[in-house]
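Close look at the chain arrangement
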Amino acid sequence: IKGTLLDYVGGRADLETKILRAIGNPHDRIKEDRLRMIRAVRMACRFALQIEQKTQDAIRAHAKELFPAVAIERVVQELEKGHAFGQLHAMLLGLHAFGLLASIFPETALLSTEELSLRIEPIRRYPKAAPTIAFLLPLFPEYGLSEQIDLSKLLKLPNHDQQFVSF
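Below or above, wherever it landed, is the structure these notes cover. Just so you know, these numbers come straight off a predicted model, no measurement behind them. (Residues numbered from 1 in each chain as written. Predicted model: local features only at pLDDT ≥ 70, side-chain atom pairs only at ≥ 80, totals over all residues. Heavy atoms only, no water.)

1. Comments concerning the overall build of the protein
To keep things clear, this is the line we draw: A run of H or I in DSSP becomes a helix once it reaches four residues, and a run of E becomes a strand once it reaches two; helices and strands are each numbered from the N terminus. Only the C-alpha atoms count toward the radius of gyration. The rule for a globule is 2.2 Å times the residue count to the power 0.38. Residue contacts are counted whenever heavy atoms from the two residues lie within 4.5 Å of one another. This count recognises Lys and Arg as positive and Asp and Glu as negative, with His and chain-terminal groups excluded. By convention, the charge on Lys lies at NZ, on Arg at CZ, on Asp at CG and on Glu at CD.
Assigned secondary structure in the protein consists of twelve helices and two strands. Relative to the compact-globule value of 15 Å for 167 residues, the protein shows a C-alpha radius of gyration of 17 Å, a close match. With the principal axes as the frame, the protein shows a C-alpha extent of 60 × 30 × 30 Å. Restricting the contact set of the protein to residue pairs at least 6 apart, pairs at least 24 apart contribute 65%. Side-chain charges of the protein comprise 22 positive and 20 negative groups, with the mean position of each set lying 6 Å from the other.

Laid out in structure tokens, this is it:
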């Protein structure tokens, strides 16, 4: 029927109640594409959604499986999308809550939520036009210039972002 939307999974009700839920078994969906864990956090932050409990549990259970299943470039793209929509601060906190931030940046594994919040608080005042790497560097206050450059290379950032780090 033209113009009719068939909702076989209750998506409309979830949207109305601001719930983000994996379709089917969340463990299976994550095993199919581990980047879905980061996407779920990004979408929840962008649209002010609550991630449903079974999906949360699956993300926590599989957070350490992010690499090598996902290329770092794809992770960086998700971080850039979070930045583009002004939600990188919330996204970093969400990634931390699920153990994903420690998978991406092992140096953050021992940070408490409070410590992380203090480190990234200044990024709320950064100009939106600043590159994403500028918003990530506060995660690593102990890094010197050479370590920051190494990080930008590890993330496979474009040359202009690497030059920004040097600047």
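2. Observations concerning helix H6 (residues 72-84)
Stated precisely, the cut-off is as follows: A helix's residues, less one, multiplied by 1.5 Å, set its expected span. When accessible area is computed with a 1.4 Å probe and restricted to protein chains, residues below 20% of their type maximum are described as buried, those above 50% as exposed, and intermediate ones as partly exposed. Note that the arc is defined by the directions from the helix axis to the C-beta atoms.
For H6, which comprises 13 residues, the first-to-last C-alpha distance of 18 Å matches the rise-based estimate of 18 Å (1.5 Å per residue) to within 8%. Within H6, burial applies to Ile72, Val75, Val76, Glu78, Leu79, Gly82 and His83. End-on, the buried residues of H6 take up no more than an arc of 155 degrees, which puts them together on one face. At its buried positions, H6 is contacted by helix H3 (36-47), helix H5 (66-69), helix H7 (88-98), helix H8 (100-104), helix H10 (132-136) and helix H11 (145-154).

3. As for the packing of H3 against H6
Heads up, the condition is: Under this scheme, a helix contributes an axis fitted over its contacting stretch, all axes are lines through C-alpha atoms, and angles between N-to-C directions fall in the 0 to 180 degree range. Comment on the angle field: the value is read as roughly parallel under 35 degrees, roughly antiparallel over 145, roughly perpendicular from 65 to 115, and oblique elsewhere. Note that Gly is not counted as nonpolar here; it falls among the polar residues with everything else outside the nonpolar set of Ala, Val, Leu, Ile, Met, Phe, Trp, Tyr, Cys and Pro and the charged set of Asp, Glu, Lys and Arg.
Contact geometry of H3 with H6 gives a least axis separation of 10 Å together with a crossing angle of 0 degrees. Considered as vectors, H3 and H6 are oriented roughly parallel to each other. On the side of H3, the interface is formed by Ile38, Arg39 and Arg42, while H6 contributes Arg74, Val75, Glu78, Lys81 and Gly82. Counted by class, the contact of H3 with H6 contains two nonpolar, one polar and five charged residues.

4. Observations regarding a negative patch on the surface
Going by this rule: Any residue with relative accessible area above 30% and no salt bridge may belong to a patch, with like charges joined within 9 Å and the nonpolar Val, Leu, Ile, Met, Phe, Trp and Tyr side chains within 5 Å. Here the Shrake-Rupley method, with its probe set to 1.4 Å, supplies the accessible areas, and only the displayed protein chains count as covering residues. Note on definitions: salt bridges are taken to be side-chain nitrogens of Lys or Arg within 4 Å of carboxyl oxygens of Asp or Glu.
A cluster of acidic side chains, namely Glu107, Glu142, Glu147 and Asp150, defines a negative patch on the protein surface. Note that glutamate 147 resides in helix H11.

5. What about H7?
Counting buried positions along H7 gives eight out of eleven residues, so the element sits mostly inside the fold. For H7, the set of buried residues is Leu88, His89, Met91, Leu92, Gly94, Leu95, His96 and Phe98. Positioned one or two residues after H7, glycine 99 has a phi angle of 85 degrees, which is positive.

6. Description of unusual backbone geometry
In this structure, proline 68 follows phenylalanine 67 across a cis peptide bond, with omega equal to 5 degrees. Among the secondary structure elements, proline 68 is positioned in helix H5. Even without glycine at this site, lysine 18 takes up a positive phi of about 60 degrees. Turning to its location among the elements, lysine 18 is positioned in the loop between helix H1 (11-16) and strand E1 (19-20).

7. As for the packing of aromatic side chains
Applied cut-off: When two rings of Phe, Tyr or Trp (its six-membered ring) have centres within 6.5 Å they constitute a pair, described as stacked for plane angles under 30 degrees, edge-to-face for angles over 60, and tilted for the intermediate range.
Taken as a whole and judged by the stated rule, the model has three aromatic pairs. These aromatic residues form a ring-pair network of at least three members: Phe105, Phe140 and Tyr143.

8. A few points about the environment of phenylalanine 164
Here phenylalanine 164 is to be found in helix H12 (residues 159-166). Placed 33 residues apart in sequence, phenylalanine 164 and proline 131 show a C-alpha to C-alpha distance of 8.0 Å. When neighbours within four sequence positions are excluded, phenylalanine 164 is seen to be in contact with Pro131, Ile133 and Ala134.

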